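# Analysis of the macromolecular model
Residues per chain, in single letters:
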2 protein chains.
Amino acid sequence: MEAVLTHLPWVPVSLGGRSLLVKSCFADTTYRILLTDLHCVWEETMSAVAIQSRAQALNKRLQASVGAFFSHLCAMVQPVFSGEKPDSESRISLIQHQDDKVTVKLRSELAGLPFYWEFYCSPAPISSVCAELVRPLLTMSRLLQQHVEQLRGLLVRKDAEIQDYKENGASLSRERLRTDVFDEQTNTEDFMAKVLPVLCTEQQNALGFDGILQHLYAAIMTEGSSRKRKLSEERCDEVPANEKTNSTLAADSGPESVCRESEDKKPNDNHQCDDAHKIDDKTAPQQARPLKSECVERQSSKPKKKKVGLFR
Amino acid sequence: MEAVLTHLPWVPVSLGGRSLLVKSCFADTTYRILLTDLHCVWEETMSAVAIQSRAQALNKRLQASVGAFFSHLCAMVQPVFSGEKPDSESRISLIQHQDDKVTVKLRSELAGLPFYWEFYCSPAPISSVCAELVRPLLTMSRLLQQHVEQLRGLLVRKDAEIQDYKENGASLSRERLRTDVFDEQTNTEDFMAKVLPVLCTEQQNALGFDGILQHLYAAIMTEGSSRKRKLSEERCDEVPANEKTNSTLAADSGPESVCRESEDKKPNDNHQCDDAHKIDDKTAPQQARPLKSECVERQSSKPKKKKVGLFR
């Protein structure tokens, strides 16, 4: 799950009025989420047993298998963690505690009854902060810096071509098309003077992690793990078959194929009993047991179909 | 000290054979250092009293004031934390402990006797990791991404100019000067395919934090705190004079002026006593009490004069 999560880009979300970046992976009736406001990074990893226990504690009037609870949880949080506007019936609040932990509380409806979930997130270890933010962000900066240099080189070549035309007596039919000769230093100074103050001033919606950077992040993470896989294949000839399959999946396929959202989910049937609502997970097996690689994920460059579920 | 340290760029160093990035500020017989291998971030902040006590414990045969110890410590670590190759007499080792702490041990010579120092660094709080790495790196990425976009725009304009010359019958005298029409998508795909694997493959000397990124980092941090200062000035008309002076110093002057290295340091005189070496700090007051803003710092774009001191 950690490896799958690593490939996902951070997605800007608004939880209880606060701008955050989130990474989340829901699979095999377990989940792992990472949240950051760029001042702290929080995480929660939950096993099937823990999910069952918390779901039951928060929803005493509902009786259901962990699979059914998990399905409903996914349906409730997928839109939220994908950066979509939560539907009007969902209520989300975020509480930051004195000990630096945060609780994200969600309230939605299930068969006419309220359905609650709470994420109890603790500060992540520095190793996770480095792996999920520091190293990829530094690589992004290096990559972009090299791209700036490459484009500067192209501009110098364009100027050489233009200069040659001019020297051969060419003239412009439209004066407005004339460009200044590109000067690296002047360009950089002007750019910094103009853009840096704006960047440091503007309200950072999405905390600055926009679609382009998300895409770049995912590409870097995929390349990085693809390289790790190649290295590990070079080192050992024999790798257990199942391990190899997982690692290949994580490495070769981009985040889009690693983590698919089920677009065709159907709500479960709900059977009411004497003093508790029973939720049957047999009627919707795909939903109750999502694919191993099924994750809450959004690629901003690709519009997603509107999901249909109990909570929408 | 925290504010001063924030402005400094991370400097690539090699400690005991390991590549690290370091930020350090030595001032007023106190210091604060930050270290990272991009997998963890460590810190140590030491008061004058703590420095005196540790210096005495590690160097039982030397007797000196904290000012004298501090001067010698600065002279010993400044070259190391500036990314310079340590002189042949200095020995540096780095020990990573089971509890994630690291100890950096330095051994040098003082008046013919060994002089020892040890930094005991603990994992930094996430808030420091975010302030010193995550937020500035994200801003760097955003800034560079916008620069890439600006340069793409310039290339498109160059192509329009070239196209106009061509349409007016201009021809090139040297065919090798002809450039392809710039296509954003092709350019980005080619660049990513070529550069990303190399970036993820290459031995990351300097952990990728080269001179250009250091410069960018410093510019972002200076702009950020300059903005904070303006905001705080707008909010309150009256600020205590000394507070205002400090904040203005940190905000307005770049890292080069905030943290100056004393280039003209003189070694202290050393007086031997019966069973201990006494170090006199009265003979070199500038060295014993460095300026408040005097820090161990290196701007890779500006070569520094070779420092002269007891340990070189």
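Refer to the preceding data block for the structure.
Below: a short report on this structure.

Scoring rules and cut-offs
- Residues numbered from 1 in each chain as written.
- Chains lettered and ligands numbered in written order.
- Predicted model: local features only at pLDDT ≥ 70, side-chain atom pairs only at ≥ 80, totals over all residues.
- Heavy atoms only, no water.
- Least-squares fit on C-alpha atoms with pLDDT ≥ 70 in both.
- Contact = heavy atoms within 4.5 Å.
- Buried area = accessible area lost by both parts, 1.4 Å probe.
- Salt bridge = Lys/Arg side-chain N within 4 Å of Asp/Glu carboxyl O.
- Polar contact = N/O pair within 3.5 Å; in protein donor to acceptor, adjacent residues only side chain to side chain.
- Helix = DSSP H or I, 4+ residues; strand = E, 2+ residues; numbered from the N terminus.
- Nonpolar A, V, L, I, M, F, W, Y, C, P; charged D, E, K, R; others polar.
- Buried < 20%, exposed > 50% of the residue type's maximum accessible area, 1.4 Å probe, protein only.
- Axes fitted to C-alpha atoms, helices over the stretch in contact; angles between N-to-C directions.
- Parallel < 35°, antiparallel > 145°, perpendicular 65-115°, else oblique.
- Left-handed = near helix turned anticlockwise from the far one by under 90°.
- Pairing = 2+ DSSP bridges.
- Core = buried A, V, L, I, M, F, W, Y, C linked by side-chain atoms within 4.5 Å.

### Focus: the relation of the copies chain A and chain B
Laying chain A over chain B is done by rotating through 180 degrees and shifting 0.0 Å along the axis; what remains is an RMSD of 0.1 Å. The relationship between the two copies is best expressed as a two-fold rotation axis. Comparing interface residues between copies, 100% of those in chain A also lie at the interface in chain B; the contact surface is shared.

### Structural notes on the interface of chain A and chain B
Counting residues at the interface gives 76 residues for chain A, matched by 76 residues for chain B. Summing both partners gives a buried area of about 7,100 Å² for chain A against chain B, and 69% of it is carried by carbon and sulfur. For the chain A face of the interface with chain B, the top three residues by lost area are Arg142, Lys158 and Tyr165 of chain A, together amounting to 10%. Where chain A packs against chain B, one counts four salt bridges. A salt bridge links Asp159 of chain B to Lys158 of chain A; its shortest N-O distance comes to 2.7 Å. The tally of links from chain A across to chain B stands at 21 residue pairs in polar contact (both at pLDDT 80 or more). Among the elements that take part in the side of chain A that touches chain B, helix 4 (residues 126–167) of chain A stands out by supplying 35 residues, more than any other. Residue composition of the side of chain A that touches chain B, by class: 41 nonpolar, 18 polar and 17 charged.

### Details of the environment of Leu5 of chain A
All names here are of chain A. With respect to the helices and strands, the residue Leu5 is situated in helix 1 (residues 2–7). For Leu5, a relative accessible area of 0% puts it in the buried group. Expressed as a C-alpha distance, the spacing of Leu5 and Cys25, which sit 20 residues apart in the sequence, is 5.9 Å. Excluding its chain neighbours within four sequence positions, the residues that come into contact with Leu5 are Lys23, Ser24, Cys25, Arg32, Leu34 and Glu132.

### A look at unusual backbone geometry
All names here are of chain A. The backbone of Asp28 sits at a positive phi, close to 55 degrees, despite the residue not being glycine. Mapped onto the fold, Asp28 is located in the loop between strand 2 (18–27) and strand 3 (30–36). A relative accessible area of 42% places Asp28 in the partly exposed class. Residues other than glycine seldom take positive phi values, yet Leu38 does so here, at roughly 70 degrees. With respect to the helices and strands, the residue Leu38 is situated in the loop between strand 3 and strand 4 (41–46).

### Remarks on the packing of helix 5 (residues 184–201) of chain A against helix 4 (residues 126–167) of chain B
Running from amino to carboxyl end, helix 5 of chain A crosses helix 4 of chain B at an angle of 130 degrees, the nearest separation of the two axes being 11 Å. One element, helix 5 of chain A, and the other, helix 4 of chain B, form an angle in the oblique class. Classified by chirality, the crossing of helix 4 of chain B by helix 5 of chain A is right-handed. Contacts between helix 5 of chain A and helix 4 of chain B pair Asn187, Thr188, Phe191, Met192, Val195, Leu196 and Leu199 of chain A from the former with Thr139, Arg142, Leu143, Gln146, His147, Gln150, Leu151 and Leu154 of chain B from the latter.

### A word on the pairing of strand 1 (residues 11–15) of chain A
Residues and elements named next belong to chain A. Of all five residues in strand 1, four are buried; the element is thus mostly enclosed. Looking at chain direction, strand 1 and strand 2 are connected through five bridges and run antiparallel. In the strand pairing of strand 2, Leu15 is matched with Arg18. Two successive antiparallel strands, strand 1 and strand 2, enclose a turn made up of two residues, where Gly16 displays a positive phi of approximately 55 degrees.

### Examining the environment of Arg135 of chain B
In this structure, Arg135 of chain B sits in helix 4. By relative accessible area, which is 25% here, Arg135 of chain B ends up partly exposed. C-alpha of Arg135 of chain B to C-alpha of Ile220 of chain B: the two residues are 85 residues apart in sequence and 9.9 Å apart in space. Setting aside residues up to four positions removed in sequence, Arg135 of chain B forms contacts with Leu38 and His39 of chain A together with Cys130 of chain B.

### So, the nonpolar core
The biggest cluster of nonpolar side chains holds 148 residues, and the ones touching the most others in it are Leu15, Phe26 and Phe119 of chain A together with Leu15, Phe26, Leu35 and Phe119 of chain B. In terms of nonpolar packing, the next biggest core, distinct from the first, is built from 10 residues, Leu172 and Leu177 of chain A together with Ile162 and Leu177 of chain B among them.

The values are spatial; any link to function lies outside them.
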